[in-house]
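For reference, the chains in residue letters:
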Amino acid sequence: MISARVWWLAPWAVLACSRTPSDQGPTPQISASAPAGSAVPVTAPPVVAHQVTVDLSGATQLPPPPTPGSPRLFPRALRVPVYDAPSKDSPLVGLLRLGSSVALRGATERRGGCKDGWVPIVPRGYVCLDAQATLDEQEPLVRAATGTAPAVERRLPYIYGTVRRPGPYYRKLPSRDELTHAERDLDARMDKWFAAPGEIGAGFAQEVWVRGSAPVDPVNAWKTRQSDALPAFLSAGAMPPRVAGREPATDPLIAARMAPRTGFSFSRTLLHEGRRYGLTGELELIPTDRLRPIQGSEFHGVRLPEDIELPFAFVRQPGARLWRFDESKKKLVQEREAIY
């Protein structure tokens, strides 16, 4: 099952606005890995770990960083429910995502239906302290997931790619020997990718994988088996900690196979023995040479003239007509062509 789906918003359908802190409520977020059709109804705006404002120049104002040493709650599952009251029968008011954390607003409450009690969090709601959440920031899964939360200050909160050549993706970083068994045609396929022109080749938008930094040449990296410094949970063939709620691995190496035209999102990418892999929010590893990188749009909104009257509409293409309701005829009549 593909876990990290790309969600798209048509740029012409979104207007960017900024609000002052006094009128800003919790900022809704779309999980980059939520499969279609899995949305959970909510009765109030979602509780999220990040609250930001974006002004009309595109500049982002981030909240202050957490106070060092202050108690926080950390998700252990990809999505952790937040309830309105300390009961699983109360309305769901939001979700916390693996890799984020949230401040507490009181002591743990010992109530029924939750093994280790209910934790009240900022700005509202309660989280059950069970296998899906912890207060221990040193737990291996929490440490591994640190840094996988969305970068809300960037044009795109994650690094995105869509499947170009389906193949396996992995539970851990595979060695070259393991790759020869998992992808028997890999050497020949990599040579074709290096030589391919345009958007299907190794020369297309590789800076996306490194967040706009100067990318390493894929050909040279592959030939010299270049590697980045690895985090401890991926070093020496280590298996990343299992995310709460996930089934135990049946294959110690391969997580699943990509479906055609599926989208993946990453918090970061890294080179290992010459190949670049994207690290998903579920700590799975996707070979980026099988993906087309998504560059995103520079569009961040339109400043409306001060004298504009509401409601209004955007003219999206030439040939649009302006209509007027004729009271005497009780019908719409053409007034003129709309200015494009």
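S.K.: An account of the overall build of the protein chain is requested, with residue identities and associated values reported.
M.R.: Across its full length, the protein chain carries four helices and 19 strands. The 340 residues of the protein chain split such that 40% are buried. In the protein chain, 68% of the contacts between residues at least 6 apart in sequence involve partners at least 24 apart. In the structure as shown, the protein chain presents an accessible area of about 19300 Å², 54% of it carried by carbon and sulfur atoms.

S.K.: Which residues make up the sheet that holds strand β9 (residues 133–134), and what values go with them?
M.R.: Across the sheet, which stays open at both edges, the three strands sit in the order β6-β3-β9 with antiparallel pairing between neighbours. Whereas interior strands pair on both sides, the edge strands pair on one side only; in this sheet they are β6 (102–103) and β9. Taken together, the two bridges between strand β3 (residues 72–75) and β6 define a ladder with antiparallel strand orientation. For Arg72, the partnering residue across the bridge sits in β6 and is Ala103.

S.K.: Explain the confidence of the model for the protein chain to me, and be specific about the residues and the numbers.
M.R.: Predicted confidence across the protein chain gives a mean pLDDT of 83, with 84% of residues reaching 70 or more. Here residues 1–50 is modelled with pLDDT under 50, and outside its nearest four sequence neighbours on either side it reaches 104 contacts, counting other chains as well.

S.K.: Summarise the state of the cysteines; cite the residues concerned and give the values.
M.R.: Counting across every chain of the model gives one disulfide. Disulfide partner of Cys114: Cys128, at an S-S distance of 2.1 Å. The disulfide joining Cys114 to Cys128 has a torsion of about 105° about its S-S bond and is therefore right-handed. Here Cys114 is found in the loop between β6 and β7 (118–120), whereas its partner Cys128 is found in strand β8 (residues 126–128), with 14 residues between them in sequence.

S.K.: Describe the packing of aromatic side chains, naming the residues involved and giving the relevant values.
M.R.: A complete count under the given rule lists seven aromatic pairs for this structure. Pairing Tyr170 with Tyr277 gives two aromatic rings, centres 6.5 Å apart and planes at 80°, and the pair type is edge-to-face. With Tyr170 in strand β11 (residues 168–170) and Tyr277 in strand β15 (residues 275–279), this pair connects stretches of sequence that are 107 residues apart. Tyr277 shares its class with Tyr170; the two are buried. Residues Trp193 and Phe194 carry aromatic rings whose centres are separated by 5.6 Å and whose planes lie at 40° to one another, so their mutual orientation is tilted. Considered together, Trp193 and Phe194 belong to a single accessibility category, that of buried residues. Directly above the ring of Trp222 sits Arg176, whose terminal nitrogen or CZ lies 3.6 Å from the centroid.

S.K.: Mind laying out the sheet that holds strand β10 (residues 159–163), listing which residues take part and the relevant values?
M.R.: Spatially, β13-β10-β17 is the arrangement adopted by the three strands of the open sheet, whose pairing is antiparallel. The open sheet is flanked by β13 (263–266) and β17 (291–293), the only strands paired with a single partner. With strand direction ignored, the average angle separating the axes of adjacent strands in the sheet is 35°. Sheet analysis places β10 next to β17, joined by three bridges and oriented antiparallel. Across the sheet, residue Gly161 finds its bridge partner in β17, namely Pro293.

S.K.: Mind laying out helix α3 (residues 186–195), listing which residues take part and the relevant values?
M.R.: Among the residues making up α3, those that are buried are Leu186, Arg189, Met190, Trp193 and Phe194. Down the axis, α3 shows its buried residues gathered within 140° of arc, on one side only. Residues of α3 that are exposed and point over 90 degrees away from its buried face: Lys192 and Ala195.

Calculation notes
Residues numbered from 1 in each chain as written. Predicted model: local features only at pLDDT ≥ 70, side-chain atom pairs only at ≥ 80, totals over all residues. Heavy atoms only, no water. Helix = DSSP H or I, 4+ residues; strand = E, 2+ residues; numbered from the N terminus. Buried < 20%, exposed > 50% of the residue type's maximum accessible area, 1.4 Å probe, protein only. Contact = heavy atoms within 4.5 Å. Areas by Shrake-Rupley, 256 points an atom, 1.4 Å probe, with all protein chains shown as cover. Pairing = 2+ DSSP bridges. pLDDT = per-residue confidence, 0-100. Disulfide = S-S within 2.5 Å. Phe/Tyr/Trp six-rings, centres within 6.5 Å; stacked < 30°, edge-to-face > 60°. Lys NZ or Arg CZ within 6 Å of the ring centre and 35° of its normal. Axes fitted to C-alpha atoms, helices over the stretch in contact; angles between N-to-C directions. Arc of directions from axis to C-beta.

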